[in-house]
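Chain residues, written in single-letter form:
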Protein chains: 6
Amino acid sequence: MNKIALFPGSFDPFTIGHESIVKKAIPLFDEIIIAIGYNTSKKGFFPVENRKKMIETIFKEEPKVKVEIYSELTVEYCKKVKAQYILRGLRTATDFEYERAIAQMNRFMKSEVETIFLLTESEHTPISSTIVREIMKFKGDVSNFISKSVNAYDYL
Amino acid sequence: MNKIALFPGSFDPFTIGHESIVKKAIPLFDEIIIAIGYNTSKKGFFPVENRKKMIETIFKEEPKVKVEIYSELTVEYCKKVKAQYILRGLRTATDFEYERAIAQMNRFMKSEVETIFLLTESEHTPISSTIVREIMKFKGDVSNFISKSVNAYDYL
Amino acid sequence: MNKIALFPGSFDPFTIGHESIVKKAIPLFDEIIIAIGYNTSKKGFFPVENRKKMIETIFKEEPKVKVEIYSELTVEYCKKVKAQYILRGLRTATDFEYERAIAQMNRFMKSEVETIFLLTESEHTPISSTIVREIMKFKGDVSNFISKSVNAYDYL
Amino acid sequence: MNKIALFPGSFDPFTIGHESIVKKAIPLFDEIIIAIGYNTSKKGFFPVENRKKMIETIFKEEPKVKVEIYSELTVEYCKKVKAQYILRGLRTATDFEYERAIAQMNRFMKSEVETIFLLTESEHTPISSTIVREIMKFKGDVSNFISKSVNAYDYL
Amino acid sequence: MNKIALFPGSFDPFTIGHESIVKKAIPLFDEIIIAIGYNTSKKGFFPVENRKKMIETIFKEEPKVKVEIYSELTVEYCKKVKAQYILRGLRTATDFEYERAIAQMNRFMKSEVETIFLLTESEHTPISSTIVREIMKFKGDVSNFISKSVNAYDYL
Amino acid sequence: MNKIALFPGSFDPFTIGHESIVKKAIPLFDEIIIAIGYNTSKKGFFPVENRKKMIETIFKEEPKVKVEIYSELTVEYCKKVKAQYILRGLRTATDFEYERAIAQMNRFMKSEVETIFLLTESEHTPISSTIVREIMKFKGDVSNFISKSVNAYDYL
């Protein structure tokens, strides 16, 4: 059976921290679906279609990686796409507590999905989408926080 | 003197984690007031009157438990209802830091009220009102997170 | 039925932080047993009999408080002395994680004992027996960290 | 070269915790700029001009302290005012994780600015602007949380 | 290329928490080596050979799982046995901080080994080898914390 | 008045994380005393005289930095050497809680000494003396964790 992992997030935007997690996970799985959670009531900073395009550009050479937009419960979406694993990156202890709550709730609701955590590189620990957006609001330089293959400002 | 404890929260909705804390506390006190904090500017997910009805249904066999709605400072409300104790459940270390700040501020403002913490059962640790609401927005099944005696969807 | 709480610890030595937790708990219980855990293989800094004498002196006016030495599992000792509650003070988030593990293990082993947590006063947060011992090794002044009614150096 | 520190925040309002951090830092620096971050899309509770007046009143006897309003990236503002240091207070472990992320991002963007952390007094640990605002919404007494030299209600 | 994961620990003793992590990981890897770190200067509670026998008994039906004793740096041992992954379970935020330091140091020293974290089941969170040993010192019942297929006391 | 900072620790051994903290602090102070706490009952891994020599070699070009060995309470030693500041590096949230307790106890005992915290570089976060010693016990390569100007094995 194919091993399929879902990497869910809002990816508003997708940072080099996210990219590094996906790259580390590629050898472990047959397919990785980067799943952009979309909520019609919260628009976000980047249009959701542009987030998808940006991530597709970053992974255009990587056949195992797909990018999708979803707007249902994550565990429901896993069932639909037949993902047995949820992939998450961990940066800090606060992250961990939040991720643990989500992962344990997912188990309550559909025990067959297992969450796999990979550790963010120590030099990527401070990078978060929130801080990248904050810098972009002031037109600052975010090129160190986003894949070299794209220019974040092109996707606004 | 009667020992009266206030169990304050927004309870939007009241989960089996909350229920378990109240049940553990019943032998310690003569009266437990479940006090739903209400803020006219933040409507919440469940109407506040329905939250009250749902909790009353859950504890209808328990004469020591009362349910009230309040919209003043918690320490002020304690004075009004003569509660000497505030009861709180603890799930995670992040919870703890938040609860400590609140409890220490309450001491600054009215030193006679003491906060008593009980620990959430380990299997209830991941359950939070936030996650329950999230699941309900997608019409998911929340029956494992809410008292068996009520159907959360009836109170929306 | 009498409400009996066990306040277990090594109390090497008993600080004003410990004292404040016991004083806050007195109105909630009919009896509080301060139980000094003793392990023949770890001698400790203060002789265990002196720790007991020091705590008895501190609470000599308080008929609800008893002081005992025990060397069995805490939950077993609770059964023997018919304590339905374990009382613990919380200072920091690290404390909390440790206390949660202990309390949840106790539940696994004897579900009738419930752990009640009280919060250390914010000005007592930094005080720990470890730091008091460290200061005493250098003959420093610890009078601000120990009950005014005793002189810690008399119990060494 | 003059040692200039920036103390950035929203200071909505400036509490005795903030005041104590600035006072401790005065001997270390030649100039401390208390910089009120202002975001036109988030109005805040106190008008930003009044926050500035309140802080100026508190430090009117202290020639090393200046108060400014800014609305750019903090590291950009440091360059403009020639601050080599950012000053921050730490209260809790959650604070710490947040501050670490901000400080490490600042390093990424302009490595010459160093963040200096001072510790909040243990009795000030529970005080936060959020809780002060919460009390003021209910017309509560906040005089213990704000400098004795001002009346917070005068600046609303 | 075979995917080989090392699950290192002192396993003194191996608990149902450890067992659950290994079982969840089996579908992800071709081989899992449970590697008991052994340090001649710290004897431990269970003889190291008995720890090995106990774990082998637990996994005797599972051909993908091997059990080994090692006494070198974990990253060196990974090279020797050609493990590309280190597997670790996470229980609490304190665990996480410790595991992150270890994993990041391993990266410094041999960047090809990646650490994969799985989450302990919420009901196993409080179980640790330390607490199991503590109970066994008092001859307590540990059958709820150890695989049903073995009796921990037989391996002392 | 000269601004003197004490940087206390066991420095067993002094890592590039420690070195980076001292270098960042040099512009802030007139003198920095790296003070190696020595306890006759705990020998440590490196002989204390060799730790001193190693640190002196690292800072031999830096006239503001002195290295001393002390074996009294840190606050007492501050008085003796007229240090008004204690300098500490922060790596993780667990570090922070420990450092806060120490710093607040120091305030209790001698309020004039203020603790200044600097943040470890994100790439140095996982480096600790404990892990360096662990690697050295296995004769591993620690050159990435120790100043380029010294060879740690020469100081054993």
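Residues numbered from 1 in each chain as written. Chains lettered and ligands numbered in written order. Predicted model: local features only at pLDDT ≥ 70, side-chain atom pairs only at ≥ 80, totals over all residues. Heavy atoms only, no water.

Section: the packing of aromatic side chains
Residues and elements named next belong to chain F. The condition that has to hold: Working definition: a ring pair exists when centres of Phe, Tyr or Trp rings (six-membered ring for Trp) sit within 6.5 Å. Plane angles under 30 degrees give stacked, over 60 give edge-to-face, the rest tilted. Every helix listed is a DSSP run of H or I at least four residues long, and every strand listed is a run of E at least two residues long, numbered separately from the N terminus. With a 1.4 Å probe rolled over the protein chains alone, any residue whose accessible area is under 20% of its type maximum counts as buried; one over 50% counts as exposed, and the rest are partly exposed.
Scanning all chains against the criterion turns up 39 aromatic pairs over all chains. Consider the rings of phenylalanine 14 and phenylalanine 59, whose centres lie 5.8 Å apart with planes at 85°: the pair is edge-to-face. Note that phenylalanine 14 is positioned in the loop between strand E1 (4–9) and helix H1 (16–25) and phenylalanine 59 in the loop between helix H2 (48–58) and strand E3 (65–70), a separation of 45 residues in sequence. Residues phenylalanine 14 and phenylalanine 59 agree in their burial class; the two are buried. Taking the centre distance of 5.4 Å and the plane angle of 55° together, the rings of phenylalanine 29 and tyrosine 85 count as tilted. Highlighted residues: phenylalanine 29 in the loop between H1 and strand E2 (31–37) and tyrosine 85 in strand E4 (residues 85–90), separated in sequence by 56 residues.

A few points about the packing of helix H4 (residues 93–109) of chain B against helix H4 (residues 93–109) of chain C
To keep things clear, this is the line we draw: Comment: axis = line fitted to C-alpha atoms, over the contacting stretch for helices; angle = value between 0 and 180 degrees taken between N-to-C directions. These descriptions rest on fixed angle ranges, namely under 35 degrees for roughly parallel, over 145 for roughly antiparallel, 65 to 115 for roughly perpendicular, and the rest for oblique. In this scheme the crossing of two helices becomes right-handed for a clockwise turn of the near helix relative to the far one and left-handed for an anticlockwise turn of less than a right angle. We call two residues in contact whenever any of their non-hydrogen atoms come within 4.5 Å of each other.
Running from N to C, H4(B) and H4(C) point in directions that differ by 125°, and their axes come no closer than 9 Å. Judged by the inter-axis angle, H4(B) sits oblique to H4(C). The handedness of the crossing between H4(B) and H4(C) is right-handed. Residues Ala93(B), Phe96(B) and Glu97(B) of H4(B) form the contact with H4(C), whose own contacting residues are Ala93(C), Phe96(C) and Glu97(C).

Concerning the sheet that holds strand E4 (residues 85–90) of chain C
So the rule is basically this: Two strands pair if DSSP finds at least two bridges between them.
Taken in spatial order, the 10 strands line up as E3(B)-E2(B)-E1(B)-E4(B)-E5(B)-E5(C)-E4(C)-E1(C)-E2(C)-E3(C) in an open sheet, and their pairing is mixed. Sheet topology places strand E3 (65–70) of chain B together with strand E3 (65–70) of chain C at the edges, where each strand pairs with a single neighbour. The average angle at which neighbouring strand axes cross in this sheet is 30°, direction not considered. Relative to strand E5 (residues 114–119) of chain C, E4(C) runs parallel, the two sharing 6 bridges. Residue pairing for E5(C): Gly89(C) is matched across the bridge by Leu118(C). Each of strand E2 (31–37) and E3 of chain B is contacted by helix H2 (residues 48–58) of chain B, which is oriented at about 175° to E3(B), the strand it contacts most. Where helix H3 (residues 74–81) of chain B meets the sheet, it contacts strand E1 (4–9), E2, E3 and strand E4 (85–90) of chain B, and its direction lies at approximately 145° from that of E1(B).

Points about the interface of chain E and chain A
This is how the line gets drawn: The term buried area means the drop in 1.4 Å probe accessible area that two parts suffer when joined, counted for both and summed. By definition, a salt bridge exists where a carboxyl oxygen of Asp or Glu is found within 4 Å of a side-chain nitrogen of Lys or Arg. We call two N or O atoms a polar contact when they sit within 3.5 Å, provided that within protein one can donate a hydrogen and the other can accept it, with sequence-adjacent residues counted only if both atoms are side-chain atoms. Classes in brief: Ala, Val, Leu, Ile, Met, Phe, Trp, Tyr, Cys and Pro nonpolar; Asp, Glu, Lys and Arg charged; the others, Gly included, polar.
Taken residue by residue, the interface counts 26 residues in chain E and 26 residues in chain A. With both sides pooled, the region where chain E packs onto chain A buries about 2,300 Å², and carbon together with sulfur makes up 60% of that total. Of all residues in chain E, the largest losses of buried area upon contact with chain A belong to Leu28(E), Arg107(E) and Leu119(E), amounting jointly to 26% of the total for that side. Where chain E meets chain A, there are 2 salt bridges. Taken together, the connections running from chain E to chain A amount to 9 residue pairs in polar contact (both at pLDDT 80 or more). Element by element, the count of residues in the side of chain E that touches chain A is highest for helix H4 (residues 93–109) of chain E, at 7 residues. Class assignment for the residues of the side of chain E that touches chain A results in 12 nonpolar, 6 polar and 8 charged. Relative to strand E5 (residues 114–119) of chain E, strand E5 (residues 114–119) of chain A is paired through 3 bridges, and the arrangement is antiparallel. Each residue of the ladder has a partner; that of Leu118(A), found in E5(E), is Ile116(E).

Considerations on the pattern of salt bridges
For the structure shown, the criterion picks out 54 salt bridges over all chains. Where Glu114(C) meets Lys24(B), a salt bridge forms, and the shortest distance between an N and an O atom there is 3.4 Å. Residue Glu114(C) is found in strand E5, and its partner Lys24(B) is found in helix H1 (residues 16–25); the two belong to separate chains. Of the two residues examined, Glu114(C) and Lys24(B), each falls in the buried class. Sharing partners across several salt bridges, the network here consists of Lys24(A), Glu121(A) and Glu114(E).

A few points about the sheet that holds strand E4 (residues 85–90) of chain A
Spatial ordering of the open sheet is given by E3(A)-E2(A)-E1(A)-E4(A)-E5(A)-E5(E)-E4(E)-E1(E)-E2(E)-E3(E), a layout of 10 strands whose pairing is mixed. Both outer strands of the open sheet, strand E3 (65–70) of chain A together with strand E3 (65–70) of chain E, are each paired with one neighbouring strand and no more. Across the sheet, the mean angle separating the axes of adjacent strands is 30° when strand polarity is ignored. Note: strand E2 (residues 31–37) of chain A against E3(A), 6 bridges, orientation parallel. Directly across from Ala35(A), in E3(A), lies its bridge partner Glu68(A). Helix H1 (residues 16–25) of chain A contacts strand E1 (4–9), E2, E3, E4 and E5 of chain A together with E5 of chain E of the sheet and is inclined by roughly 115° relative to E5(A). Packing of helix H2 (residues 48–58) of chain A onto the sheet brings it into contact with E2 and E3 of chain A, and relative to E3(A) it is tilted by some 175°.

Focus: the relation of the copies chain E and chain A
Short version of the rule: Residues reaching a pLDDT of at least 70 in both copies supply the C-alpha atoms on which the copies are superposed by least squares.
You can overlay chain E on chain A at an RMSD of 0.0 Å; the transform is a turn of 180° with a shift of 0.0 Å along its axis. Overall, the copies show the geometry of a two-fold rotation axis. Taken as a fraction of all interface residues of chain E, those also at the interface in chain A reach 100%, which identifies the copy contact as same-surface.

Focus: the confidence of the model for chain A
What counts is decided by this rule: Confidence scores per residue from the predictor, reported as pLDDT, run from 0 to 100.
Chain-level statistics for chain A give a pLDDT mean of 91 and a share of 99% at 70 or above. Taken over the whole predicted complex, pTM reads 0.86, whereas the ipTM for its chain interfaces reads 0.88.

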